[in-house]
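# Structural overview
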Amino acid sequence: MESTVNEFAHGHGMRRCRYRGQGKVHVQHVLTAIAVNIERLGGLAPAEEAPTPRQPTAFQNYLDQRELPRLKSWRTLGS
């Protein structure tokens, strides 16, 4: 949520409004939100394509070079 608010405030200039009056400002905010949502939808990958696997981290490379086992998740450590 905070990143979305930050994007609107800094990326789209929502700290200053172009218009006077609550009604006009509301319309500006709604139209800006619609534009941001359309922009985000355009960046989504199609459903048919599987996401590409991420590159291993430096620590994972370190473990692989020394043939040490690496856990799939830190959550598997148990408590």
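Here the structure is a predicted model, which means the values were calculated and not measured. (Residues numbered from 1 in each chain as written. Predicted model: local features only at pLDDT ≥ 70, side-chain atom pairs only at ≥ 80, totals over all residues. Heavy atoms only, no water.)

Within the protein chain, the secondary structure is distributed over three helices and zero strands. Secondary structure elements of the protein chain occur, N-terminal to C-terminal, as α-α-α. By the burial criterion, 10% of the 79 residues in the protein chain qualify as buried. A total accessible area of about 7,800 Å² is found for the protein chain, and carbon and sulfur atoms account for 56% of it. (Helix = DSSP H or I, 4+ residues; strand = E, 2+ residues; numbered from the N terminus. Buried < 20%, exposed > 50% of the residue type's maximum accessible area, 1.4 Å probe, protein only. Areas by Shrake-Rupley, 256 points an atom, 1.4 Å probe, with all protein chains shown as cover.)

Another point: the packing of aromatic side chains. Applying the stated criterion across every chain yields a total of one aromatic pair. Here the aromatic rings of Phe59 and Tyr62 are separated by 6.4 Å at their centres, their planes lie at 15 degrees, and the arrangement is stacked. In this pair, Phe59 and Tyr62 both sit in helix H3 (residues 58-65), three residues apart, roughly one turn of the helix. Judged by relative accessible area, Phe59 falls into the exposed class, the value being 55%. (Phe/Tyr/Trp six-rings, centres within 6.5 Å; stacked < 30°, edge-to-face > 60°.)

Its place among the elements puts Ala9 in helix H1 (residues 2-11). For Ala9, the residues in contact, after removing those within four places along its chain, are Met14 and Arg15. (Contact = heavy atoms within 4.5 Å.)

Before going further, it helps to spend a moment on the environment of Arg18. Take Arg18: it is sitting in the loop between H1 and helix H2 (22-42). In this structure Arg18 comes out as exposed when scored by relative accessible area, which is 72%. When the C-alpha atoms of Arg18 and Gln28 are compared, they prove to be 8.1 Å apart, with ten residues separating the residues in sequence.

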